[in-house]
Amino acid sequence: MKQLTIYCSRDLEDRVVNALDHAHMEGFLRIGGASGSKFCDPGEVPRTMDWEATMFLVPGADEAQIQAVVNELAEYTESCDTYPCLRIAVAPVEQVH
């Protein structure tokens, strides 16, 4: 079992929810109202570029479900105006109660 965490720009929220649904996830935690930040090139002012961001957390998913989500969302990790606008992190989980 693994934990799936997805960080995305607000405009990709519907795609993330659809991918989680298509993978038959039991549910998820959505944390909105956050901001994503990226450092600009050295010497540029302001130093960061910011955007409205959301985090989705699935505490326990099997490998096949996670791979289905990654496959469905992979194209969006490289195709955003404010790069990176979508990141997926997978971590091992020992127990979920």
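This one's a predicted model, so the numbers in the text were calculated from it and none came from an experiment.

A. Layout of the sheet that holds strand β1 (residues 2–9). Strand order in the open sheet formed by 4 strands is β2-β3-β1-β4, and the pairing between neighbours is antiparallel. Across the chains shown, the open sheet's two edge strands, defined by having one partner strand only, are β2 (29–39) and β4 (86–92). Pairs of neighbouring strands in the sheet enclose a mean axial angle of 25 degrees, with direction left out of account. In this sheet, strand β3 (residues 48–61) lies alongside β2 in antiparallel orientation, the contact comprising 9 bridges. Along β3, the bridge assignment pairs Leu29 with Leu57. Where helix α2 (residues 63–73) meets the sheet, it contacts β1, β3 and β4, and its direction lies at approximately 20 degrees from that of β1.

B. How the structure looks around the nonpolar core. Counting 18 residues, the largest nonpolar core has Ile6, Leu20 and Val69 as its most contacted members. Breaking this core down by element, the ones donating at least two residues are β1, α1 (13–22), β3 and α2. In this structure Val69 touches Leu4, Ile6, Ala19, Leu20, Ala23 and Met25, once residues within four positions along its chain are discounted.

Here is what the cut-offs are and how they apply
- Residues numbered from 1 in each chain as written.
- Predicted model: local features only at pLDDT ≥ 70, side-chain atom pairs only at ≥ 80, totals over all residues.
- Heavy atoms only, no water.
- Pairing = 2+ DSSP bridges.
- Helix = DSSP H or I, 4+ residues; strand = E, 2+ residues; numbered from the N terminus.
- Axes fitted to C-alpha atoms, helices over the stretch in contact; angles between N-to-C directions.
- Contact = heavy atoms within 4.5 Å.
- Core = buried A, V, L, I, M, F, W, Y, C linked by side-chain atoms within 4.5 Å.
- Buried < 20%, exposed > 50% of the residue type's maximum accessible area, 1.4 Å probe, protein only.

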